[in-house]
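For reference, the chains in residue letters:
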Amino acid sequence: MAQTTLLYNIGQLLTMDQHEGLVRGESMGSLDVKEDYAVLIKDGKIEAVAPTDQLQDIEVDEKIDCEGKLVTPGLVEPHTHLVFGGSREHEMALKQQGVPYLEILKQGGGILSTVRATRKATEEELYEKAMFHLNRMASYGITTVEAKSGYGMDRETELKQLRVAKKAGENHPLDLVSTFLGAHAITEEYKDKPDALLDEMASLFDQIKEENLAEFVDIFTETGVFTIEQSRRYLQKAKDHGFDVKIHADEIDPLGGTQLAVELGATTGDHLAVATDEGIEQLAKSDTIGVLLPGTIFYLGKGEFARARDMIEAGAAIAISTDFNPGSSVTENIQLIMSLAALKMKMTPEEIWHAVTINAAHAINRGDQAGQIKVGRKADVVIWDAPNYLYIPYHYGVNHVNTVFKAGQKLYQRGDLLV
Ligand SMILES: O=C(O)CC1=NCN=C1
Ligand SMILES: [Zn+2]
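Since the model is a prediction, treat every value here as computed from it, not as a measurement.

UniProt annotation of "binding site: N-formimidoyl-L-glutamate" (unreviewed entry) refers to Tyr-151, Asn-325 and Gly-327 when read in the numbering used here. Judged by maximum C-alpha separation, these annotated positions cover 177 residues in sequence but sit close together in space, the widest gap being only 11.7 Å. With respect to the helices, strands and loops of the structure, Tyr-151 is situated in the loop between β7 (142-148) and α6 (155-171). Looking at the element boundaries, Asn-325 is found in the loop between β13 (318-320) and α14 (334-343). Excluding residues within four positions of it along the chain, Asn-325 makes contact with His-81, Tyr-151 and Val-330. Within polar-contact distance, the side chain of Asn-325 engages the backbone oxygen of Asp-323 at 2.7 Å.

Together, Glu-35, Asp-36, Asp-53 and Asp-57 give the surface a local cluster of negative charge. Structurally, the position occupied by Asp-36 is in strand β2 (residues 33-42). For Asp-36, a relative accessible area of 44% corresponds to the partly exposed category.

What follows covers the pattern of salt bridges. Side chains that differ in charge, positive against negative, can pair when their charged atoms come close. All told, the structure shown has 29 salt bridges when counted by the stated rule. The partner of Glu-189 in a salt bridge is Arg-119, with the nearest N and O atoms 2.7 Å apart. Here Arg-119 lies in helix α4 (residues 111-120) and Glu-189 lies in the loop between β8 (175-183) and α7 (194-202), a separation of 70 residues in the sequence. For Glu-189, a relative accessible area of 45% gives the class partly exposed. The shortest N-O distance in the salt bridge between Asp-416 and Arg-414 comes to 2.3 Å. Taking the relative accessible area as the measure of exposure, Asp-416 reaches 54% and is therefore exposed. Residue Arg-414 is classed as partly exposed on the basis of its relative accessible area of 32%. If you follow the salt bridges from partner to partner, you end up with Glu-67, Lys-69, Asp-385, Arg-414 and Asp-416 in one network.

What counts and how
- Along each chain, the written sequence defines residue order, and numbers are assigned to residues from 1.
- Chains and ligands are labelled sequentially in the order written, the chains with letters from A and the ligands with numbers from 1.
- Note on the predicted model: pLDDT of at least 70 is required for a residue's local features to be given, and 80 or more for side-chain atom pairs to be given and counted; whole-chain, interface and lining totals, by contrast, use all residues.
- Side-chain numbers come from the whole structure's heavy atoms, not from hydrogens or water.
- UniProt positions are given in the numbering used here, feature names are shortened, and annotations may be inferred rather than shown by experiment.
- Runs of E in the DSSP output that reach at least two residues are strands. Runs of H or I that reach at least four are helices, and both are numbered from the N terminus.
- Whether two residues are in contact is decided by their heavy atoms, any of which lying within 4.5 Å being enough.
- Contacts described as polar in this section are N or O atom pairs within 3.5 Å, which, within protein, must combine one atom able to donate a hydrogen with one able to accept it, while residues neighboring in sequence count only if both atoms come from side chains.
- Patches in this entry comprise residues that are over 30% relatively accessible and not in a salt bridge; like charges within 9 Å are linked, as are nonpolar side chains (Val, Leu, Ile, Met, Phe, Trp, Tyr) within 5 Å.
- All accessible areas in this document rest on Shrake-Rupley with a 1.4 Å probe, and a residue is counted as covered only by the protein chains that are shown.
- Whenever a carboxyl oxygen of Asp or Glu lies within 4 Å of a side-chain nitrogen of Lys or Arg, that contact is scored as a salt bridge.
- Under the convention used here, Asp and Glu are negative, Lys and Arg are positive, and both His and the chain ends fall outside the count.
- A single reference atom marks each charge: NZ on Lys, CZ on Arg, CG on Asp, CD on Glu.
- Throughout, exposure labels follow a simple rule: accessible area from a 1.4 Å probe, protein chains only, divided by the maximum for the residue type, with under 20% read as buried, over 50% as exposed, and the rest as partly exposed.

So this is what it looks like as structure tokens:
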């Protein structure tokens, strides 16, 4: 028996489907807003999208009066370090004293602190923790998530993390896309031989492909981590093994990772906080998506925010993300990132909504499945306690979600006070 739900009396509906494919440049600023619309869901898929008066008399199992609220696609989170052990709150004091992120890493903290905790954690512990964070992401309106490994840098732990992500993707309602980030930092064992570490990580490519443990390969191209040359060689090998590639690029030092992402035809270049004019120009002319992570710059308390305005005005396609991880952006709150994109990167609300839906979906090769409300697609839908789409970036730091549907099933509903 078909299960049907009608969302009616929607104030503003964003379907995010007015543009074909990836949305770039000034197109990011033009948003189709449907007023007084209804959405019919049947067997977990979008059955119809039409003005309320065309659908309101249809016989359905459940009718939900959206009371003039905003309704959008489920949000897509294109960049997380979801699977990790331990936490790094003890490093907060160092950050407050102004100790730079790369200095903490050099002293064996930062990523390497999480590596020690992740190597120690069991697969079950990592799985439970990942499921907890996925639940919280769902509560913020996220319905599709990218999850990276990268806290092992040894065969056993990298495979452990990737298997945790795969199992979480199989068991959690959210859809997961997995990325192998074995090239995340230079561990003690390899401190004098980073190339050998990259060779060891590359030796996992075949097994990762065979066990379908990741779709993307990523690398941290940064001072004191991997150079442009090392990154180029490693990612070319990944491409030769059939992976799409991503780069943590131009986060702290402008090494030119943005240009390398474009040169390699990377699906995304991520961070780009210190991308140069040349990097931005090349990005704008390419199909590489810029995934901007303003939460990291906010959290590290130093450095510049990515020049989103220059990128979009040059014609680039931009997505945004929390960069959720235990050290440099410890938040699942994608709505806060929307506010930071507005306040610190001067992105318009129209651009922001493209950046957390359709463009974020393309950033993880799900542009044909996620980030839009479209007939025939999974009914990943969010009802917001907000009168319009401007309101979410405007009112920062809180959770505006009223109800989250994943494939037509209610996944989360705002809890009211219990008294
Ligand atoms: O610090 C972390 O755990 C995550 C990170 N990798 C590169 N930048 C931030
Ligand atoms: Zn990251």
